[in-house]
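Structure at a glance
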Amino acid sequence: MKLKILSRLPWLLWVAFFIVLGTGLYLTSLNPDFELISLLTPLVLMGYPTVGALIASRQPQNAIGWIFLTFGLGPAIYIFSRGYATYALVTSPGALPGARWFAWLQAWITLPTFALGLTFLLLLYPNGRLLTFRWRSFARLAALAVGMLVFLSAFQPGPLEGFEGVTNPVGLRVLDRLGSVPWLLFPLLLVCGLVSVTSLVIRFRRSRGDERLQLKWFTYLVVMMFLIAPIGSIGLTFGVGWNILPLVTAFMLAALPAAVGLAILKHRLYDVDLVINKTILYGLLGSLIALVYTGIVVG
């Protein structure tokens, strides 16, 4: 019975994602700051809960599926709550009840998603288990850092992010005495992320067979995303017409859940080495052309 419930719960969360996201997009479209480009993020998000539901329904013991579900639900709740709060507080003040609570929710709801992606996704990929028993202590430290960061962000008194005229309805005055302690948690979380990357590297070095291919697909796309994002920023800074790069970045973000789903649900993977080799070759040629073009324009 418990296994049956666990196999259905992911699809219930998947349906909830589309309901929340669709309602949020409708509310957002009613606000004056709505732009069509803002639809790009929801399109990218759709792959995460879908792949998460597929993995969690077939392998409920694998935490990766549940993590990917949160990758979709967290931002969807943010879009809904921000659209709701903006409409009820700015576009049509007083039109909807509970606007302050949704302004409070949008101020911190994406933090768990960011923290999970920085730590536990790297620690548990691909089988949903830690590398060894010795990593449990670090996993507890990472969970504590994530929990404290979310708690302090949710209950920190003062104006809410994005709605400076609204104060936190559940702000705790005692947290004012902590001073800069909440900001110190971000470096701690980044350190946890670096250690999590180390865990992934160690896992890759020890892996063999199918697990090694699973890690190759994941590492390949993560590295590509980290390379494309700075290149896009540099291009936009110099104004050399690289506006296509944000779309490429969005494509890479959308490709990540597809690669993870392929790696976990399909053991006989495609020849990832061939893909990586071609990417390196074309990437070097493209970088050379881009550098020459940038030099000509700037010169």
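What comes next is a walk through the structure. Bear in mind that the values here come from a model prediction, so they are computed numbers and not experimental data. (Residues numbered from 1 in each chain as written. Predicted model: local features only at pLDDT ≥ 70, side-chain atom pairs only at ≥ 80, totals over all residues. Heavy atoms only, no water.)

Check the secondary structure of the protein chain and you find 12 helices and 2 strands. Listed by position from the N terminus, the elements making up the protein chain come as α-α-α-α-α-α-α-α-β-β-α-α-α-α. Counting across all 299 residues of the protein chain, residues that qualify as buried make up 39%. Within the structure as shown, the protein chain displays about 16700 Å² of accessible surface, and the carbon and sulfur contribution to it stands at 70%. (Helix = DSSP H or I, 4+ residues; strand = E, 2+ residues; numbered from the N terminus. Buried < 20%, exposed > 50% of the residue type's maximum accessible area, 1.4 Å probe, protein only. Areas by Shrake-Rupley, 256 points an atom, 1.4 Å probe, with all protein chains shown as cover.)

With that out of the way, let us pick up the packing of aromatic side chains. Enumeration over the complete set of coordinates arrives at 14 aromatic pairs. Judged by centre distance (5.6 Å) and plane angle (80°), the rings of Trp11 and Trp14 are edge-to-face. Highlighted residues: Trp11 and Trp14, both in helix H1 (residues 2-29), separated by 3 residues, approximately one helical turn. Exposure remark for Trp11: the relative accessible area of 31% places this residue in the partly exposed category. Residue class for Trp14 comes out partly exposed when judged on its relative accessible area of 26%. Three or more aromatic residues joined by ring pairs make a cluster, and in this case those are Trp101, Trp104, Trp108, Phe151 and Phe155. One cation-aromatic arrangement involves Arg212 over Phe204; the distance from NZ or CZ to the ring centre is 4.3 Å. (Phe/Tyr/Trp six-rings, centres within 6.5 Å; stacked < 30°, edge-to-face > 60°. Lys NZ or Arg CZ within 6 Å of the ring centre and 35° of its normal.)

With that out of the way, let us pick up helix H4 (residues 63-91). Taking 1.5 Å of rise per residue, the 29 residues of H4 would be expected to cover 42 Å, and the 40 Å separating its terminal C-alpha atoms lies within 8% of that figure. Capping the start of H4 is the job of one residue whose side-chain oxygen sits 3.0 Å from the backbone nitrogen of Ile64: Asn62. (Expected span 1.5 Å × (residues − 1). Polar contact = N/O pair within 3.5 Å; in protein donor to acceptor, adjacent residues only side chain to side chain.)

With respect to the helices and strands, Ala53 occurs in helix H3 (residues 47-58). Distance in space between the C-alpha atoms of Ala53 and Leu9 is 8.5 Å, their sequence separation being 44 residues. Apart from the residues lying within four places of it in its own chain, the contact partners of Ala53 are Pro10, Trp11, Trp14 and Leu69. (Contact = heavy atoms within 4.5 Å.)

What follows is about the nonpolar core. Core analysis: the biggest nonpolar cluster contains 32 residues, and Ile64, Phe68, Phe120, Tyr125, Phe218 and Val260 have the highest contact counts within it. Elements with a contribution of two residues or more to this core: H3, H4, helix H7 (120-124), helix H8 (136-155), helix H9 (181-206), helix H10 (209-238) and helix H11 (245-265). Broken down by element, this core gets its largest block of residues, 6 residues, from H11. Aside from chain neighbours lying at most four places away, what touches Ile64 is Leu121, Leu124, Tyr125, Pro126, Gly128, Val260 and Ile264. (Core = buried A, V, L, I, M, F, W, Y, C linked by side-chain atoms within 4.5 Å.)

Those residues of helix H5 (residues 99-106) lying buried are Ala99, Ala103, Trp104, Leu105 and Gln106. Looking at the buried positions of H5, the neighbouring elements they touch are H4, H8, strand S1 (159-160) and strand S2 (163-167).

The geometry of a pair of packed helices is captured by two quantities: the angle between their axes and the separation between those axes. At their nearest, the axes of H3 and H4 sit 7 Å apart, and the two run at 155° to each other. Compared by their axis directions, H3 and H4 come out roughly antiparallel. In this structure, H3 crosses over H4, and the sense of that crossing is left-handed. Seen from H3, the contacting residues are Tyr48, Pro49, Gly52, Ala53, Ile55 and Ala56; seen from H4, they are Gly65, Trp66, Phe68, Leu69, Phe71 and Gly72. A class-by-class count of the residues in the contact of H3 with H4 yields 9 nonpolar, 3 polar and no charged. (Axes fitted to C-alpha atoms, helices over the stretch in contact; angles between N-to-C directions. Parallel < 35°, antiparallel > 145°, perpendicular 65-115°, else oblique. Left-handed = near helix turned anticlockwise from the far one by under 90°. Nonpolar A, V, L, I, M, F, W, Y, C, P; charged D, E, K, R; others polar.)

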